[in-house]
Each structure stands twice: as structure tokens, then as C-alpha cells.
Amino acid sequence: MQSIRFIRALAFAFLMLALSAAAQAQIAVSINIAPPALPVYEQPICPSAGYIWTPGYWAYSPGGYYWVPGTWVEAPAVGMLWTPGYWAFGNGGYVWNAGYWGPQVGFYGGIVYGFGYTGVGYQGGYWNNGQFYYNRSVNNVSTTNITNVYNKTIINNTTVNRVSYNGGPGGSTARPTAQQEAAARGKHTPPTAVQARQQEAARANRAQLASANHGHPPVAATSRAGEFTGAGVMAAKGATTANKASANKPSPASAKENKTAVSRAATGANKNGAAEKNTAANRAAENKAAENKAAENKAAENKAAGSKATAVRTKENQAAEQKSSEQKANANKAAANKAAESKAAATRTKENQAAEQKSAATRANEQKANANKAAANRAAENKAAESKAAATRTKENQAAEQKSAAARANEQKANANKAAASRAAANKAAENKAAAHAAPPTASAKHGQPGARPESAPKSETRPESPVTEAHARPENAPHASTQEQSRPKKEQEKSPQ
């Protein structure tokens, strides 16, 4: 019987070790008791910008369910959101699915944790340009040190309750969507070191056990992880009666064995009488000593198992902290590299801009100089062409004027000659006519009368101006010259250059 108890105690210790080792993933061993209802509590104020609310939850230990307070946690990287863990019923027991960090909020059993966790997604805030914006309608945020805030009322389309598990009797009936399943298969970041310390602090505090606080823990939420005292601690307002831990109840097999032992002792006492009493007393003493020794051995084994489990957890926590430190160092290194790359890129951009500006200025100066030179060349060419054209025109004009003057002189000379010829012909005709008219007086000279005076002939030169006289005095073949033709050459001759 003592061996059976020892084996059960050892199995339970290994179960607890398995639960602790599987804290970052779905546990392999299920619990046959449902977790208590979620307690009602107020959210403490957000300590600083960049912190995201991680709701509280019921965890399990050898003492039973205990409450891990909700707390504000700094995101491990920009753009990361928290998907809470949840209990799910399956294969006759309740299995824990651990929470994780990721770019999207995945499925968390449809559990209404509150403060933006409505059972589907997260309505408490969002990332934008490296800054987290808080919804003040569901978060306790002070605008004194946090300015990235907004107000958006959250409407719950489902009945709000305090159930803490999915599936099973009375549990949530939510099922993951295709998008949530895709988010669950994506790349995740495990809980940070401060989240692990929050769980360890809650495990070490017996007041957090559901068997001790009956569903309303004294520390329901904290402003910072691991700090269970101070102004940032919020106690639960009230909750339904929690289920008692099965570890406090004696097992049916143990009760049956004890009853059988008592019955056997009574039967032996009745058969053997007084003599058997001594033997029974001796056996009772021996049994009591054996039980005490077994209890001591069990306590020592439990203590050794607890020490081993603590050592394992400490080692795991150290490994988790080291991993978190390495991740943080890598993140800082990546951020530093990114900053250096950004600075180098900015420097290169500035240098390129300066070089481009200098090159553009040089090109502009060259283009301006070339334009000025081309303009000067065109001006010189135009001036030379204009000078040559002017000289050519002047020479041509002089030649044309000389030619025109010579032509006019020839015309005037021809006209003058023609007019002179016409006048000579007219004078000759007038003389002939006058001579013809003067013939009779020549006959009278024979009678001793004087002849015609010689001076009368010149007077007849003015008569050709009369058209009638010229008509009678000009021969038929003599050229005709009007008064205008006779007078024009004389005027042109006066005007023409000598």
C-alpha cells in the first residue's frame, strides 16, 4: 500500500514537471477539473508608451489552479501583438494553450478577457509608424505621458460571461476562423522573461491559489510584472465559488484501503481476544511507524522532486531570460544596424544631392557660357553679314544710280538733240515758207522798189509755237515736235548732273 502511494506521489510530481516544461506550448497532459471563472477586477494604469495589456489567466500547479495576474508588458518588438493563452476541453480533460507574440492576434478560445480582448481579435489599440495607439474606452491610459490615444466604443455581439475555457460543459463554443488558423501557423515569439517572472511570482504566492481565495485572488492585476505590492496592484472584486483542488480530497482507493485495514484489525481483535490486542497494538505501532517513515520518505521525495522541479524551472527561466536577452540584444543590434544604415543612406543621399546640385550648377554654367558664346558668334556673324549686305547694297545702289543717271543723261541728250533737230527743221521750213511768200516783192524790185528787209526772217522763228503756223510751215516728212517735247528736254537738261 505504501508503495502504491509512493508511485502515485512520484507520478504526480512528474506530471507537475511536465506541466512546467510545457509552459510555452500546448501541454501534453490534461486536467480533469475545469478552471474557475474569470475574476472581476480593474485595470491598473499603463506605466509608459509601448506597453501592451496581457490579461490574467488561471494556471495549474500541484496545489491546484492559481491566478496569474494581468499586467502591462513591453512588446518585444515594434508591431508585435499579444495572443492570450486559453484552456480547451478535449479527450476528457482540459488542456492549456500558451499565449504568444506575433504580428496578428490569433485564436484564444473565444474567451472574453476584457480590456480590448473581446474573444475575437484585439480592440485595445494598434501600431502605426512605430507608435502604439491606445483605445481609451477600454484601457486605463493617462494622457500626461502618453499622447497616442483615441476613443472607440467596443460593442460585444455575444453574451459577455466569465467562462475561462473553450469547449466542455459550459465552455465557450467559439471555433477558429481560417485567418486565425493561418495566424496560429505563422511565426511566433514566446512570452518574455518578465511574463515568466509574473507567473513564477504568482505560483509562489499561496494566496493566489483558487483553493485559498475561492475565485477572487487578492492580486488580480499589476501595473508592472513581478510587482505584487504597491499602488499598481488591483484586487479582484468578486467571482463565483471556485472548485476545490483535487489534491485536498482523499482518493477513493486510499479510503477503501483504510476501511479494509480497520475491518481486518477489528476482526483479529474479536478472534484472538486480549492476546491479540497486544499484537494489534504492536502492529498498529509498527504500521504507524512505517506510515511515519513513509510520510517522511514521501516528504523527502516530494521535497527532492520539488527542488528538482524548481531547479529545472530555474534553469528553464534562466535559459528563457538568456534567450530573451539574446533576442533583445539582437533586436538592439538590428536596430543599431538599421539606424547606422539609415544614417549612411541619409549621408549618401545628402552627398548625392550635393553632387547632383554641383553637377547641375556646372552644367548650367557651361550651358550659359555656351549660350553666351553662341549668341556672341551669331551677333558677330549677323553684324558681318549685315555689314557685307549693306556694302553690297550700297555698291549696287551706287551702280544703279550711276547707270540710271547715265541713262537719264543719254535720254536727256537724245531728247535735246531731237528737239534741236525738230526746231532746226521747223526753222528751216519757216524760212522756206517765208522765202516763198517773199518772192513777189522781188519782182517789184525791178520797178525800183526796195526789197524785203533781212531782219524780218528771224522774227518768224517764234511762230512755229503756233500749231496752225507749224502745220502750214512743216513739211510732210519733217518730224513732229510739240511745245511740251521742246520744253521738257530743256528742263531735264537743267536738272541732270554735269
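Every value quoted in this text rests on a predicted model; they were computed, and no experiment measured them. (Residues numbered from 1 in each chain as written. Predicted model: local features only at pLDDT ≥ 70, side-chain atom pairs only at ≥ 80, totals over all residues. Heavy atoms only, no water.)

### Considerations on the overall build of the protein chain
Stated formally: Numbered from the N terminus, helices here are DSSP runs of H or I no shorter than four residues, and strands are runs of E no shorter than two. Two residues qualify as a contact provided that any one of their heavy atoms is within 4.5 Å of a heavy atom in the partner residue. Shrake-Rupley sampling with a 1.4 Å probe provides the accessible areas, and residues are treated as covered by the protein chains on show and by no other component.
When helices and strands are counted, the protein chain shows nine helices and 14 strands. A fraction of 65% describes how many contacts in the protein chain between residues 6 or more apart in sequence connect residues 24 or more apart. For the protein chain, the accessible area works out to roughly 31,500 Å², and carbon and sulfur atoms hold 53% of it.

### So, the sheet that holds strand β7 (residues 93-97)
Two pairing modes exist for strands in a sheet, parallel and antiparallel, and in both the strands are linked by backbone hydrogen bonds. Worth spelling out the cut-off: For two strands to be treated as a pair, DSSP must find at least two bridges joining them.
Pairing is mixed across the open sheet formed by three strands, whose spatial order is β7-β6-β12. Strands at the two margins of the open sheet, each flanked by one partner only, are β7 and β12 (165-166). Note that strand β6 (residues 86-90) and β12 share two bridges and pair parallel. Bridge pairing in β12 links Trp87 to Tyr165.

### What about unusual backbone geometry?
Both trends apply: most residues other than glycine have a negative phi, and most peptide bonds are in trans. Its identity as a non-glycine residue notwithstanding, Asn91 has a phi of 55°, on the positive side. You can see Asn91 is positioned in the loop between β6 and β7. The phi dihedral of Phe115 is positive, around 60°, even though this residue is not glycine.

### Quick word on the nonpolar core
Applied cut-off: We define a nonpolar core as any set of buried Ala, Val, Leu, Ile, Met, Phe, Trp, Tyr and Cys residues linked to one another through side-chain atoms lying within 4.5 Å. Remark: exposure states derive from per-residue accessible area (1.4 Å probe, protein chains only) relative to the maximum for the residue type, with buried under 20%, exposed over 50%, and partly exposed in between.
The biggest cluster of nonpolar side chains holds 51 residues, and the ones touching the most others in it are Tyr65, Trp87, Tyr117 and Tyr134. Among the elements of the structure, β1 (51-54), β2 (57-61), β3 (64-68), β4 (70-74), β5 (81-83), β6, β7 and β10 (131-135) are those that each provide at least two residues to this core. Not counting residues up to four positions away in its chain, the partners in contact with Tyr65 are Ile31, Ile33, Ala34, Pro35, Pro36, Trp58, Ala59, Tyr60, Trp87, Gln208, Leu209 and Ala210.

### So, the sheet that holds β10
Read from one edge to the other, the open sheet built from three strands follows the order β9-β10-β11, with strand pairing classed as mixed. For this open sheet the edge positions go to β9 (125-128) and β11 (149-150), each flanked by a neighbour on one side alone. For β10 and β11, the ladder comprises two bridges, and the chain directions are parallel. Within the sheet, the bridge partner assigned to Asn135 lies in β11 and is Tyr150.

### A closer look at helix α3 (residues 193-204)
Let me state the cut-off plainly: Multiplying one less than the number of residues by 1.5 Å gives the expected span of a helix.
In this model α3 runs 17 Å from its N-terminal to its C-terminal C-alpha over 12 residues, within 8% of the 16 Å that 1.5 Å per residue would give. Among all positions of α3, only Ala193, Gln195, Ala196, Gln198, Gln199 and Ala202 are buried.

### What to know about the side chain of Thr222
By secondary structure assignment, the location of Thr222 is in strand β13 (residues 221-224). Residue classification places Thr222 among the buried residues on the basis of a relative accessible area of 0%. Not counting the four nearest positions on each side in its chain, Thr222 is found in contact with Pro44, Trp53, Pro69, Gly70, Thr71, Trp72, Gln198, Glu227, Phe228, Gly232 and Val233.

### Focus: the packing of aromatic side chains
Note the cut-off: Only centres within 6.5 Å qualify two rings of Phe, Tyr or Trp (six-membered ring in Trp) as a pair; their planes then separate them into stacked at under 30 degrees, edge-to-face at over 60, and tilted for everything else.
Counting across every chain of the model gives 21 aromatic pairs. Their ring planes at 80° and their centres at 6.1 Å tell us that Tyr108 and Tyr117 sit as a pair that is edge-to-face. In terms of burial, Tyr108 and Tyr117 fall into one category: buried. Ring geometry for Tyr117 and Tyr122: centres 4.5 Å apart, planes at 35°, overall tilted.

### Thoughts on the confidence of the model for the protein chain
As a general rule, the predicted coordinates of low-pLDDT regions are not to be interpreted in detail. Worth spelling out the cut-off: For every residue, the predictor reports its confidence as pLDDT, a number between 0 and 100.
Counting all residues, the mean pLDDT for the protein chain is 74, and 63% of those residues have values of 70 or more. Within the model, pLDDT remains below 50 along residues 239-280, and this stretch shows 31 contacts once partners closer than five positions in the same chain are excluded. Residue range residues 455-487 is modelled with pLDDT below 50. Its contacts to residues more than four positions away, or to other chains, number 28 contacts.

### Topic: the pattern of salt bridges
Our working definition: Salt bridge criterion: a side-chain nitrogen from Lys or Arg within 4 Å of a carboxyl oxygen from Asp or Glu.
What the rule picks out here adds up to two salt bridges. Its salt-bridge partner being Glu42, residue Lys237 comes within 2.8 Å of it at the nearest N-O pair. A residue pair is termed long-range when its members are at least 10 positions apart, and Lys237 in the loop between β14 (233-234) and α5 (252-437) and Glu42 in the loop between α1 (2-21) and β1 qualify at 195 residues. Arg203 is paired through a salt bridge with Glu200; the nearest N and O atoms lie 3.8 Å apart. Of this pair, Arg203 and Glu200 both sit in helix α3, separated by three residues, roughly a single helical turn.

### Looking at the pairing of β3
Taken across its five residues, β3 has five buried, putting it largely inside the fold. The turn linking β2 back onto β3 is made up of two residues.

### Focus: the environment of Glu42
Condition: N or O atoms closer than or at 3.5 Å make up a polar contact, with two conditions inside protein: a donor-capable atom paired with an acceptor-capable one, and, for residues adjacent in sequence, both atoms drawn from side chains.
Residue class for Glu42 comes out partly exposed when judged on its relative accessible area of 41%. The spacing of Glu42 and Asn140 is 98 residues in sequence and 9.0 Å in space, taken between C-alpha atoms. Not counting residues up to four positions away in its chain, the partners in contact with Glu42 are Phe115, Ala221, Met234 and Lys237. Within polar-contact distance, the side chain of Glu42 engages the side chain of Lys237 at 2.8 Å.

### A closer look at the environment of Met80
Among the secondary structure elements, Met80 is positioned in the loop between β4 and β5. Between the C-alpha atom of Met80 and that of Thr189, which follows or precedes it by 109 residues, the distance is 8.9 Å. Filtering out sequence-adjacent residues up to four positions away, Met80 remains in contact with Ile52, Ala75, Trp101, Gly102, Pro103, Trp127 and Thr189.

### Structural notes on the pairing of β4
Of all the five residues making up β4, four are buried; the element is thus mostly covered by neighbouring parts of the structure. Note that β1 and β4 share four bridges and pair antiparallel. In the sheet register, Trp53 faces β4, and the bridge partner there is Trp72.

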